[in-house]
Amino acid sequence: MAGAFLSTSYELFAADLERALAWMQSLGIVYERTRIGEYKRAIDTLINIYETDDEKRIQNEFSRIVTAAFEANDLIAIHKGLACSFDAELRSHIGRYVKGPSNYTQEITATSSNAARNIGFELLVMTKLVSAGIDINFEIKTDVAAHFDNRSIIFECKRPQSLGKLGENVKDAFRQLETKYRNPVHVRHRGIVAIDISKLINPNFLLYEAQDENSLDAGLSKLVDNFIIEHNHLWQTGRNKKTIAVLLRLSLMGINNERGNMLTYCQQFGLTPLNHTGEGNITTVRALTKVLAGT
């Protein structure tokens, strides 16, 4: 699926963030002392630097601002995609989403400090589906559920913290989906394993530099395609035929050299069908791929 590149002025970006924060507050979420509050302060600093043209300060604050821009883009996307439509269902999600360290390099699994971004990934999958005009369903007890192609599709979302944990996460997702299929209510459901590979591809949160937007898009596509080729054996295992695909997401901050080394938020999704699942299910995956690619 084609990558998404968001280009906007600092002022409009800050205004979008303000609207997302106001939405949070309307849900009763106090964000100021959370990582979200830090992103707000960092973006305020960016606006001030831009207005005063303070080059030395931008160098000192650069890392903090890049982190804030990356994370705020996710929050803005979640707000634009989900706000006001599912507020009652999302209140607890957002309450957990604001927690955790400011940068994903600081996450510690032993203290569950990765849990906030795990919830964030679920919200971003919901956002992707809703943006494609696909109805989501909160009545099914799973990470994400949607109605597509006259079927209920349930997603099990994973954010592996290292490549060494990828296989274990995939197995867990399969097991969790298979447990849900045994529920008589879910007998006709189909499942998708969703994996955020951002931390696996870019564990040190480095900037991805490319000549222009086309090069960024091609580069991200290649990263996702190569990841699928290298790790395909982990999910093409002939398990329950009701699990029909693996959805991958990669996000990072890039540098567009053609636009004066402009910071660019990049996001790429990939959907790969499971070969053993049958032609009908593969047709559903292909149709879903086509719909998601249009967003």
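Residues numbered from 1 in each chain as written. Predicted model: local features only at pLDDT ≥ 70, side-chain atom pairs only at ≥ 80, totals over all residues. Heavy atoms only, no water.

Asks: So what exactly am I meant to see when it comes to the environment of I136 here?
Replies: Along the polypeptide, I136 turns up in strand β2 (residues 135-136). Sequence spacing of I136 and S113 is 23 residues, and the spatial spacing of their C-alpha atoms is 27 Å. Sequence-distant contacts of I136, defined by excluding residues within four places in its chain, comprise L82, F86, M126, L129, V130, A145 and A146. (Helix = DSSP H or I, 4+ residues; strand = E, 2+ residues; numbered from the N terminus. Contact = heavy atoms within 4.5 Å.)

Asks: Please clarify how the packing of aromatic side chains should be interpreted in this entry.
Replies: Evaluated as defined, the whole model comprises 6 aromatic pairs. For the pair F70 and F205, a centre-to-centre distance of 5.1 Å together with 65° between the ring planes defines the contact as edge-to-face. Here F70 is found in helix α3 (residues 55-82), whereas its partner F205 is found in the loop between α7 (198-201) and β6 (208-210), with 135 residues between them in sequence. Just as F70 is buried, F205 falls in that class too. With 5.5 Å between their ring centres and 50° between their planes, F86 and F138 make a pair best called tilted. Of this pair, F86 sits in the loop between α3 and α4 (87-97) while F138 sits in the loop between β2 and β3 (144-148), and the two are 52 residues apart along the sequence. (Phe/Tyr/Trp six-rings, centres within 6.5 Å; stacked < 30°, edge-to-face > 60°. Buried < 20%, exposed > 50% of the residue type's maximum accessible area, 1.4 Å probe, protein only.)

Asks: How do you make sense of the layout of surface pockets when you look at a structure like this?
Replies: If a probe as big as a water molecule is rolled over the atoms, it shows which places are left empty. Roughly 600 Å³ of volume is contained in the largest pocket. Lining the largest pocket are 25 residues; nearest its centre among them are T8, Y10, L46, M262 and L263. For the lining of the largest pocket, the secondary structure elements donating two or more residues are α1 (10-26), α2 (35-52), α3 and β8 (262-273). Per-element accounting of the lining of the largest pocket gives the leading share, 6 residues, to α3. (1 Å grid on protein atoms, 1.4 Å probe; cavity = no way out; pocket = protein on both sides within 12 Å on 5 of 7 lines; lining within 4 Å. Points joined across faces, edges and corners; volume = space filled by probe spheres on them.)

Asks: Would you mind showing me how to read the pairing of strand β4 (residues 151-158) here?
Replies: It is a general feature of regular strands that their side chains alternate between the two faces of the sheet. Burial analysis of β4 places 7 of its 8 residues in the buried class, the great majority of the element. Alignment of β3 against β4, held across 5 bridges, turns out to be antiparallel. In the sheet register, H147 faces β4, and the bridge partner there is S152. Here β3 hands over to β4 after 2 residues, with D149 in that stretch at a positive phi of 55°. (Pairing = 2+ DSSP bridges.)

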